[in-house]
Amino acid sequence: MKEIVVIGGGASGLMASIAAARQGARVTLLEKNKQMGRKLLVTGNGRCNFTNRNQELSHYRSQNPELAEQILQAFPMEETVSFFEELGILVKERSGCLYPGSGQAESIAKALCLEAQRLRVKTVCHTEVLSVEKKNRFLIRTPGWVYESDAVILSCGSKTAPKTGSTGDGYRFAEGFGHEIIAPLPALTGLYALEKDCEKLAGVRAEAKVSLLIEGNVCMEEEGEVQFASYGLSGIPVFQLSRYISRALEAGKTCTICLDLLPAYTQEQIEETLRKKQRYTGNRTGTDILLGMFPEKLSRIFLERAEISLKKKGQDWEEKDYQRLSGQIKGLCFRITRCRGYDQAQVCTGGVPLTELKGITMESALVIGLYFAGELLDVDGACGGYNLQWAWTSGFLAGIHAAGRSLACR
């Protein structure tokens, strides 16, 4: 019976353990925390959006997207759904996002732990791995024991959410075996802005088209609800762009976020709307003219940036006032100084390059018997269950191949 040690009891580690044990391997799962799946418990605000019906490749980001696609197709979303249904999870869908019927992430974590228990996976919690080396067999050192195995699966996560135990140990272990590490950087996180008026907007939420400009050129656009914070910008559309900003800022490039707060209207249509409101409201101020269009905090920022005095009556506005105000509504811009840190990010961009794997086996191309799964690899997904789908896919493939089987034998 092949002996396998899995390091890291998160989503990918639990999946890898189950997949290997189902193929007849003797599996030991080592976890730093006091419980398995700790980070999994907080995903989706505790509801666990565990995958998504829409599996376009654009939702996955990597320096080697073609390899990522091959891996994802080897254990796709449909098989993930079947896997969890077999474990007793009732699947509910909301706009393509799939959740457990209970609405609780604990259901997913517990189902995985119960299946690992049924398969006699030896789970060892509250145990930190100090080092991993290979002689005739793999030696995995912990403070109280040295485990030996025929294969090792590294599923230690990245550096995000360090309070859940993700401190980047896997990068160190991978480097020890000669693997390159693409610098891990925060992704799916908020952005710090240079402009001080963010402090005045703290707490405001607004629907917008969000454009990312790198070195002055529009690179990507997202739409959705933007959340303003004292430090800068947050919200799902901002999160979706953050990984590209992390990479651009690391390369010394300038990054700007511009918000179109009325994407369904042209600038000329907005100007005409403002003129009609001014004619109706008479001698009211700018915030009153914008009443019903935007929250007052946001209206004040538009007026300040358009250099229109908050006391100036609408009847005294000039043509340039309408043009500048509509311009701000269509393009409220913020210079981004940095992304929020690992403690606030949901995932990392970067990690072990997919080119250093033996294809979809998830085995190291440098060390026989060494496998990788999850966030440790250079794949990060968009919001919407994509990072967990990557965890299920990579964990499953690592598990069955570490056990010495192929996809055809599962």
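Read on for an overview of the structure. (Residues numbered from 1 in each chain as written. Predicted model: local features only at pLDDT ≥ 70, side-chain atom pairs only at ≥ 80, totals over all residues. Heavy atoms only, no water.)

**Some details on helix 5 (residues 169-176)**
In step 1: Inspection of helix 5 places Asp169, Gly170, Tyr171, Phe173 and Ala174 among the buried residues, and these make up the whole buried set.
In step 2: Phi turns positive, to about 90 degrees, at glycine 178, one or two residues after helix 5. (Buried < 20%, exposed > 50% of the residue type's maximum accessible area, 1.4 Å probe, protein only. Helix = DSSP H or I, 4+ residues; strand = E, 2+ residues; numbered from the N terminus.)

**Quick word on the pattern of salt bridges**
In step 1: In the structure shown here, the tally under the stated rule is 25 salt bridges.
In step 2: Residue glutamate 225 is joined to arginine 205 by a salt bridge in which the shortest nitrogen-to-oxygen separation is 3.1 Å. With a gap of 20 residues between them, glutamate 225 in strand 15 (residues 217-228) and arginine 205 in strand 14 (residues 205-214) connect regions that are remote in the sequence.
In step 3: Relative accessible area serves as the criterion here: at 32%, glutamate 225 is assigned to the partly exposed category.
In step 4: Arginine 300 is the partner of glutamate 296 in a salt bridge, and the nearest nitrogen-oxygen pair spans 3.3 Å. Placement of the pair is glutamate 296 and arginine 300 together in helix 10 (residues 296-305), with a separation of four residues, close to one helical turn.
In step 5: Given the relative accessible area of 48%, glutamate 296 is considered partly exposed.
In step 6: A network of salt bridges, in which partner residues are shared, links Glu3, Arg26, Arg137, Glu148 and Asp150. (Salt bridge = Lys/Arg side-chain N within 4 Å of Asp/Glu carboxyl O.)

**Description of the state of the cysteines**
The bond known as a disulfide is covalent and runs between the sulfur atoms of two cysteines.
In step 1: Under the defined criterion, the tally for this structure stands at one disulfide.
In step 2: Residue cysteine 258 pairs covalently with cysteine 333 via a disulfide, S to S 2.1 Å. Looking along the S-S bond of the cysteine 258-cysteine 333 disulfide, the torsion reads about 110 degrees, which is the right-handed sense. Taken as a pair, cysteine 258 in strand 17 (residues 255-260) and cysteine 333 in strand 18 (residues 332-339) lie far apart in primary sequence, 75 residues in all.
In step 3: In this structure cysteine 125 is a free cysteine whose sulfur lies 7.7 Å from that of cysteine 113, the closest cysteine sulfur available. (Disulfide = S-S within 2.5 Å.)

**Let's talk about the packing of aromatic side chains**
In step 1: In the structure shown here, the tally under the stated rule is ten aromatic pairs.
In step 2: Seen from their ring centres, phenylalanine 294 and phenylalanine 302 are 5.0 Å apart, and the 70 degrees between their planes marks the pair as edge-to-face.
In step 3: A residue is classified by how much of its surface remains accessible, and phenylalanine 294, at 11% relative accessible area, is buried.
In step 4: Their ring planes at 70 degrees and their centres at 5.4 Å tell us that tryptophan 317 and tyrosine 322 sit as a pair that is edge-to-face. The two residues tryptophan 317 and tyrosine 322 agree in class, both being buried.
In step 5: Ring pairs connect the aromatic residues Phe50, Phe83, Phe84 and Trp392, which therefore count as one cluster.
In step 6: A cation over a ring is seen here: arginine 275 above tyrosine 322, with NZ or CZ 5.0 Å from the ring centre.
In step 7: Against the face of tyrosine 192 rests arginine 338, its NZ or CZ located 3.8 Å from the ring centre. (Phe/Tyr/Trp six-rings, centres within 6.5 Å; stacked < 30°, edge-to-face > 60°. Lys NZ or Arg CZ within 6 Å of the ring centre and 35° of its normal.)

**Points about the sheet that holds strand 1 (residues 3-7)**
In step 1: Taking strand neighbours across the sheet as the criterion, the five strands line up as 7-2-1-11-20 in an open arrangement whose pairing is parallel. Strands at the two margins of the open sheet, each flanked by one partner only, are strand 7 (122-124) and strand 20 (370-372). Adjacent strand axes in the sheet meet at a mean angle of 20 degrees, parallel and antiparallel pairs treated alike.
In step 2: As paired strands, strand 1 and strand 11 (residues 151-154) are joined by four bridges and run parallel to one another. Paired with isoleucine 7 across the bridge in strand 11 is leucine 154.
In step 3: The strands touched by helix 1 (residues 11-22) are strand 1, strand 2 (26-30) and strand 11; relative to strand 2, the strand with the most contacts, the crossing angle is about 170 degrees.
In step 4: Each of strand 1, strand 11 and strand 20 is contacted by helix 12 (residues 386-402), which is oriented at about 165 degrees to strand 20, the strand it contacts most. (Pairing = 2+ DSSP bridges. Axes fitted to C-alpha atoms, helices over the stretch in contact; angles between N-to-C directions. Contact = heavy atoms within 4.5 Å.)

**Concerning the sheet that holds strand 5 (residues 91-94)**
In step 1: With respect to topology, three strands assemble into an open sheet ordered 3-6-5, the strand pairing being antiparallel. With one partner strand each, in any of the chains shown, strand 3 (51-52) and strand 5 form the two edges of the open sheet.
In step 2: Alignment of strand 3 against strand 6 (residues 97-100), held across two bridges, turns out to be antiparallel. Residue pairing across strands places threonine 51 opposite leucine 98, the latter belonging to strand 6.

**Looking at the pairing of strand 2**
In step 1: By the criterion of burial, strand 2 is predominantly enclosed, with four of the five residues buried.
In step 2: Note that strand 1 and strand 2 share five bridges and pair parallel. In the strand pairing of strand 2, isoleucine 7 is matched with leucine 30.
In step 3: Handedness of the crossover joining strand 1 and strand 2 through helix 1: right-handed.
In step 4: Where strand 2 meets strand 7, three bridges bridge the pair, whose relative direction is parallel. By the bridge assignment, leucine 30 is partnered in strand 7 with valine 124. (Right-handed = clockwise from strand over helix to strand, strands pointing away.)

**Some points on the side chain of aspartate 260**
In step 1: Mapping aspartate 260 onto the fold places it in strand 17.
In step 2: Exposure remark for aspartate 260: the relative accessible area of 7% places this residue in the buried category.
In step 3: A polar atom in the side chain of aspartate 260 sits 2.7 Å from the side chain of lysine 330. (Polar contact = N/O pair within 3.5 Å; in protein donor to acceptor, adjacent residues only side chain to side chain.)

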